[in-house]
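# Chain and residue survey
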Amino acid sequence: MQKKVLDKGYVKLLKADKEEDILKVASICYGKKLVDLEKKKEFLIKKLMFEHAGNPTSSFEFVNFLFEVKCPIFVARQWMRHRIGSFQEISRRYVSDNLEFFVPEDLDEEEKTKYLEHIRLVENYYYNLINKGIRKEIARSILPLSLYTTFYWQVNLRSLINFLKVRLDKHAQREIREYAKAIYKLIKPYAPTVCKFLKEAIKE
Ligand SMILES: Cc1cc2nc3c(=O)[nH]c(=O)nc-3n(C[C@H](O)[C@H](O)[C@H](O)COP(=O)(O)OP(=O)(O)OC[C@H]3O[C@@H](n4cnc5c(N)ncnc54)[C@H](O)[C@@H]3O)c2cc1C
């Protein structure tokens, strides 16, 4: 499953556990069989999601998601501040082709022309350096934050809830919010109850 984000980006959901695993893990706490807990799924997920001063319990750490993300570097920088999770990113130390740049919608025609001109200059200069034999890891230092990057992100549901809470919030930058919205939509079929309570929590 994939959602397009911004002008050239996307989020792909590559692997997903289901929210029922929260109950599977929690059943050990209550000394009950999973089948007994499933009858109270909504009640229990809500309780476990907000039990510790509004934070999910460790049972959410057993539900994992793997995403492939293509986003501008300035979005990736904000994303990678989320330390609880694993990242693997394309390396411009090894890869010099397929440069793509984010072009904001906000620009009027005049500014857009200048913006694209600037990107073309930078791109040409970058390939001049590469063609002269300058190391890729040095040549890349001329590239701007608008350059698209691609990474895998493996994250558990506890950390993902934290990510969604802060990155869906209106204080987060619009561009990363667009990615958070895409992620919310992608995980909803696997974690419908969690998404319902998350939406309510964000509204409050
Ligand atoms: C609107 C907005 C504006 C921001 N502005 C800035 C800014 O101007 N400058 C800037 O540097 N950052 C900024 N940030 C980044 C922010 O401070 C966090 O680093 C980022 O949101 C990651 O959140 P986190 O630490 O909760 O996530 P994670 O790193 O995934 O951590 C998840 C949770 O684990 C716990 N945890 C993780 N590591 C530690 C630790 N070392 N010690 C104690 N507990 C830990 C915390 O409970 C944390 O909430 C901004 C974030 C947002 C959403």
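Residues numbered from 1 in each chain as written. Predicted model: local features only at pLDDT ≥ 70, side-chain atom pairs only at ≥ 80, totals over all residues.

Each helix and strand counted, the protein chain has 9 helices and 5 strands in total. Of the regular secondary structure in the protein chain, the N- to C-terminal order runs β-β-α-α-α-β-α-β-α-α-β-α-α-α. Projected onto the principal axes, the alpha-carbon positions of the protein chain cover approximately 70 × 35 × 30 Å. Relative to its 204 residues, the protein chain shows a buried fraction of 24%. The long-range share in the protein chain, meaning contacts at least 24 apart out of those at least 6 apart in sequence, stands at 72%. (Helix = DSSP H or I, 4+ residues; strand = E, 2+ residues; numbered from the N terminus. Buried ≥ 20, exposed ≤ 12 C-beta atoms within 10 Å, placed from the backbone. Contact = placed C-beta atoms within 7 Å.)

Another aspect to go through is the pairing of strand β5 (residues 148–156). By the bridge criterion, 9 bridges tie strand β3 (residues 64–72) to β5 in an arrangement that is antiparallel. Counted as the bridge partner of Lys70 is Thr150 from β5. Strand direction decides the pairing type here: strand β4 (residues 86–89) and β5, joined by 4 bridges, are antiparallel. In the strand pairing of β5, Gln88 is matched with Tyr152. (Pairing = 2+ DSSP bridges.)

The biggest cluster of nonpolar side chains holds 39 residues, and the ones touching the most others in it are Val11, Ile22, Leu157, Leu160, Leu164, Tyr179 and Ile183. Those elements giving two or more residues to this core turn out to be α1 (20–30), α3 (41–50), β3, α4 (73–79), β5, α7 (157–168), α8 (174–187) and α9 (192–203). Per element, the largest residue contribution to this core is 6 residues, and it comes from α8. (Core = buried A, V, L, I, M, F, W, Y, C linked by C-beta atoms within 7 Å.)

One way to put it is that α7 packs onto α8 with a least axis distance of 9 Å and a crossing angle of 135°. The angle between the axes of α7 and α8 places the two elements in the oblique class. Of the two possible hands of crossing, α7 and α8 adopt the one that is left-handed. Contacts from Leu164, Arg167 and Leu168 in α7 reach Ile176, Arg177, Ala180, Lys181, Ile183 and Tyr184 in α8. Classifying every residue of the contact of α7 with α8 gives 6 nonpolar, no polar and 3 charged. (Axes fitted to C-alpha atoms, helices over the stretch in contact; angles between N-to-C directions. Parallel < 35°, antiparallel > 145°, perpendicular 65-115°, else oblique. Left-handed = near helix turned anticlockwise from the far one by under 90°. Nonpolar A, V, L, I, M, F, W, Y, C, P; charged D, E, K, R; others polar.)

With domains assigned, the protein chain is organised as domain 1 (2–90 + 147–203) and domain 2 (109–142). On a C-alpha basis, the centroid separation for the pair domain 1 and domain 2 is 36 Å. (Domains from an automatic or database assignment.)

With 12 residues, α7 extends 15 Å from end C-alpha to end C-alpha; this agrees with the ideal 16 Å at 1.5 Å per step. Contacts made by the buried residues of α7 are with β3, β5, α8 and α9. (Expected span 1.5 Å × (residues − 1).)

Ordered by their spatial adjacency, 5 strands build an open sheet running β1-β2-β3-β5-β4, and the pairing between neighbours is antiparallel. Strands at the two margins of the open sheet, each flanked by one partner only, are β1 (2–5) and β4. If you compare each strand with its neighbour and ignore which way they point, the axes differ by 20° on average. Where β1 and strand β2 (residues 9–16) come together, 4 bridges link them in antiparallel fashion. Residue Val5 lies in a different strand from β2, and its bridge partner there is Gly9. Strands in contact with α7 are β3 and β5; relative to β5, the strand with the most contacts, it is inclined by about 125°.

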